[in-house]
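Below are the chains, spelled out letter by letter.
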Amino acid sequence: MGLLAELKDKKIVVLGAGLTGLSCVRFLHAQGLFFTVNDSRVMPFVNEERQAEFLLNYPNVNLVTACWHKDVISAADIIIASPGIDLVATGVSDFIRSDCQVMGDVELFCQINNQRINPISLVAVTGSNGKSTVVSLLAYLAEVLGINAGLAGNIGQPIIDSLMLD
């Protein structure tokens, strides 16, 4: 059974409604999955118009704002946490059950991509310093060499959006 099939019966929570969180929302919604988005900010969107757009485009998504909601988080089977959220410093980790699977968008992407018939080839760069410079150089070299490549992750588009392109 693939990950997407497994997700259909799980209580999924997306933590954070920023760029990464919204990319996860688009992907999960496109898969027909039901989930909740929890953001600690009272207004996680740029303005009220964007919030109204979110509610219009995703009427079946439960949006919980203004705090990290203990009941929402503790009920989750799977949490997809945005990379900017420190689960320990925010106290979120205190609400997470021991049997809950916690992942980021990159892990979700990798698990789904690895199950595809034609997985997207990728080069991942990690470390403390110089990642943006290195990946920008690699993208430039790919362009010069005529290789179809794109930047995704913390630079370029969110990685999950790569799954929506084909």
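Summarised in this report is the structure supplied together with it. (Residues numbered from 1 in each chain as written. Predicted model: local features only at pLDDT ≥ 70, side-chain atom pairs only at ≥ 80, totals over all residues. Heavy atoms only, no water.)

**Things to note about unusual backbone geometry**
Phase 1: A positive phi angle is found at Ala 66, which is not glycine, with a value near 85°.
Phase 2: Following the sequence through the fold, Ala 66 ends up in the loop between β3 (62–64) and α4 (70–74). (Helix = DSSP H or I, 4+ residues; strand = E, 2+ residues; numbered from the N terminus.)

**Some remarks on a nonpolar patch on the surface**
Phase 1: On the surface, a nonpolar cluster with roughly 890 Å² of combined accessible area is contributed by Val 123, Val 134, Leu 137, Leu 138, Tyr 140, Leu 141, Val 144, Leu 145 and Ile 147.
Phase 2: Turning to its location among the elements, Val 134 is positioned in helix α6 (residues 131–144). (Patch = residues over 30% accessible without salt bridge, like charges linked within 9 Å, V, L, I, M, F, W, Y side chains within 5 Å. Areas by Shrake-Rupley, 256 points an atom, 1.4 Å probe, with all protein chains shown as cover. Salt bridge = Lys/Arg side-chain N within 4 Å of Asp/Glu carboxyl O.)

**Brief notes about the pairing of strand β2 (residues 35–38)**
Phase 1: The side-chain alternation of β2 yields two buried faces, one formed by Phe 35 and Val 37 and the other by Thr 36 and Asn 38.
Phase 2: Pairing of strand β1 (residues 12–15) with β2, which is carried by 4 bridges, proceeds in the parallel orientation. Considered in β2, the bridge of Val 13 is made with Thr 36.
Phase 3: Following the backbone out of β1, through helix α2 (residues 19–30) and into the adjacent parallel β2, one traces a crossover that is right-handed. (Buried < 20%, exposed > 50% of the residue type's maximum accessible area, 1.4 Å probe, protein only. Pairing = 2+ DSSP bridges. Right-handed = clockwise from strand over helix to strand, strands pointing away.)

**Topic: the pattern of salt bridges**
Phase 1: A full pass over the atoms with the stated rule returns 4 salt bridges.
Phase 2: A salt bridge links Arg 26 to Asp 161; the shortest N-O distance between them is 2.9 Å. Of the two residues, Arg 26 is situated in helix α2 and Asp 161 in the segment after α6; the sequence distance between them amounts to 135 residues.
Phase 3: We classify Arg 26 as partly exposed; its relative accessible area is 32%.
Phase 4: You can call Asp 161 buried: its relative accessible area is 13%.
Phase 5: Here Arg 97 and Asp 77 are joined by a salt bridge, their closest N and O atoms 3.1 Å apart. You can see Arg 97 sitting in the loop between β4 (78–81) and β5 (101–103) and its partner Asp 77 sitting in the loop between α4 and β4, a full 20 residues away along the chain.

**Structural notes on helix α5 (residues 105–114)**
Phase 1: Listed as buried for α5 are Asp 105, Leu 108, Phe 109, Ile 112 and Asn 113. When α5 is viewed along its axis, its buried side chains cluster within an angular range of 125° and face the same direction.
Phase 2: Where α5 is buried, its residues meet α1 (3–7), α2, β4 and β5. (Arc of directions from axis to C-beta. Contact = heavy atoms within 4.5 Å.)

**Topic: the side chain of Thr 20**
Phase 1: For Thr 20, the position within the fold is in helix α2.
Phase 2: Assessed through its relative accessible area of 15%, Thr 20 is described here as buried.

**Structural notes on the packing of aromatic side chains**
Phase 1: Counted according to the given criterion, the structure contains 2 aromatic pairs.
Phase 2: A centroid spacing of 5.1 Å and a plane angle of 40° characterise the contact between Phe 45 and Phe 54, whose relative ring orientation is tilted. No difference in accessibility class separates Phe 45 from Phe 54, as the two residues are buried.
Phase 3: Ring centres of Phe 54 and Tyr 58 lie 5.2 Å apart, and the angle between their planes is 50°; this geometry places the pair in the tilted category.
Phase 4: Under the relative-accessibility criterion, Tyr 58 is labelled buried at 14%.
Phase 5: Here the aromatic cluster, defined as three or more aromatic residues joined through ring pairs, consists of Phe 45, Phe 54 and Tyr 58. (Phe/Tyr/Trp six-rings, centres within 6.5 Å; stacked < 30°, edge-to-face > 60°.)

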